[in-house]
Amino acid sequence: MQSAEELRKRALELQLAEMDREDRIKAREAKKHSEFVEDFFKKHIGDDERAVIKRLVMKAAADGKFEAMVYSFPSSFCTDSGRAINNSLPGWQNTLQGRAKEVFDLFESVARPQGYTLKAMVINFPEGMPGDIGFFLGWEPPVE
């Protein structure tokens, strides 16, 4: 039978190994987040992302829907952390940055002239604060 000292030492070794594993996971997540932020603010919307948006719209239309969420991003990426979008304030589009602004500009130049609408709204509220913003592309017939 092992001594109490040996068992305490083994428990401490296991705790240290678990802490090391958690540190590696946090570092990996921080790196992924950093890469996501870098992509969001420095890279452009490409053909792959346009194809995903098109597939989302076509799938929603095939399901008989009149709108589809085509893009989402953290509200913290808005210059006001999503306040204008959350409160439906005029000029909310002026708070957009990076790829979100690029998606909005793409909507303005390509989709709006074809009769589409775009709605931006907060889609979740972690701890009661605005979380992610969703862009919803719509094609519902106008109400007369």
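Structural data are supplied above this passage.
Note that the structure is predicted; figures quoted are calculated from it, not measured.

Caption draft 1: Up close: the overall build of the protein chain. On a plain count of helices and strands, the protein chain comes out with 4 helices and 3 strands. For 144 residues, the compact-globule formula gives about 15 Å, and the C-alpha radius of gyration of the protein chain, at 23 Å, lies well above that figure. With the C-alpha coordinates aligned to their principal axes, the bounding extent of the protein chain is approximately 85 × 35 × 30 Å. Scored against the burial criterion, the 144 residues of the protein chain give a buried share of 26%.

Caption draft 2: View of the pattern of salt bridges. What the rule picks out here adds up to 9 salt bridges. The shortest N-O distance in the salt bridge between Asp20 and Arg24 comes to 2.5 Å. Of this pair, Asp20 and Arg24 both sit in helix H1 (residues 4-42), 4 residues apart, which is roughly one turn of that helix. Classification of Asp20 by relative accessible area gives partly exposed; the value is 40%.

Caption draft 3: Structural view of the side chain of Ser75. Positionally, Ser75 belongs in the loop between strand S1 (67-74) and helix H3 (83-86). A relative accessible area of 4% places Ser75 in the buried class. Separated by 3.0 Å, the side chain of Ser75 and the backbone oxygen of Pro130 make a polar contact. Contact partners of Ser75, with chain neighbours within four places excluded, come to Ser81, Gly82, Pro130, Gly131, Asp132 and Ile133.

Caption draft 4: Seen up close, the layout of surface pockets. Put simply, the largest pocket is a space of about 380 Å³. Forming the walls of the largest pocket are 15 residues, and the residues nearest its centre are Ile53, Lys54, Val110, Ala111 and Leu137. Sorting the residues of the lining of the largest pocket by element identifies helix H2 (47-62) and helix H4 (98-111) as the ones contributing at least two each. The class makeup of the residues in the lining of the largest pocket is 12 nonpolar, 1 polar and 2 charged.

Caption draft 5: Broad picture of the packing of aromatic side chains. What the rule picks out here adds up to 7 aromatic pairs. Ring plane angle 35° and centroid distance 6.1 Å describe the contact between Tyr71 and Phe73, whose orientation is recorded as tilted. You'll find Tyr71 and Phe73 in the same group, each marked buried. Taking the centre distance of 6.3 Å and the plane angle of 35° together, the rings of Tyr71 and Phe135 count as tilted. Here Tyr71 is found in strand S1, whereas its partner Phe135 is found in strand S3 (residues 132-138), with 64 residues between them in sequence. Each member of the pair Tyr71 and Phe135 is classed as buried. Here a set of aromatic residues connected by ring pairs shows up, and it is made of Tyr71, Phe73, Trp92, Phe104, Phe107 and Phe135.

Caption draft 6: Spatial organisation of the environment of Lys42. Structurally, the position occupied by Lys42 is in helix H1. A relative accessible area of 59% places Lys42 in the exposed class.

Caption draft 7: Up close: the sheet that holds S3. Spatially, S1-S3-S2 is the arrangement adopted by the 3 strands of the open sheet, whose pairing is antiparallel. Each of the sheet's edge strands pairs with one partner strand only, and the pair in question is S1 and strand S2 (117-122). Across the sheet, the axes of successive neighbouring strands diverge by a mean angle of 25°, strand direction being ignored. Inspection of the sheet shows S2 paired to S3 by 6 bridges, in the antiparallel sense. Paired with Leu118 across the strands is Leu137, a residue of S3. Taken strand by strand, H4 contacts S1, S2 and S3, and its axis lies near 10° from that of S3.

Criteria and cut-off values
- Residues numbered from 1 in each chain as written.
- Predicted model: local features only at pLDDT ≥ 70, side-chain atom pairs only at ≥ 80, totals over all residues.
- Heavy atoms only, no water.
- Helix = DSSP H or I, 4+ residues; strand = E, 2+ residues; numbered from the N terminus.
- Rg over C-alpha atoms; globule rule 2.2 N^0.38 Å.
- Buried < 20%, exposed > 50% of the residue type's maximum accessible area, 1.4 Å probe, protein only.
- Salt bridge = Lys/Arg side-chain N within 4 Å of Asp/Glu carboxyl O.
- Polar contact = N/O pair within 3.5 Å; in protein donor to acceptor, adjacent residues only side chain to side chain.
- Contact = heavy atoms within 4.5 Å.
- 1 Å grid on protein atoms, 1.4 Å probe; cavity = no way out; pocket = protein on both sides within 12 Å on 5 of 7 lines; lining within 4 Å.
- Points joined across faces, edges and corners; volume = space filled by probe spheres on them.
- Nonpolar A, V, L, I, M, F, W, Y, C, P; charged D, E, K, R; others polar.
- Phe/Tyr/Trp six-rings, centres within 6.5 Å; stacked < 30°, edge-to-face > 60°.
- Pairing = 2+ DSSP bridges.
- Axes fitted to C-alpha atoms, helices over the stretch in contact; angles between N-to-C directions.

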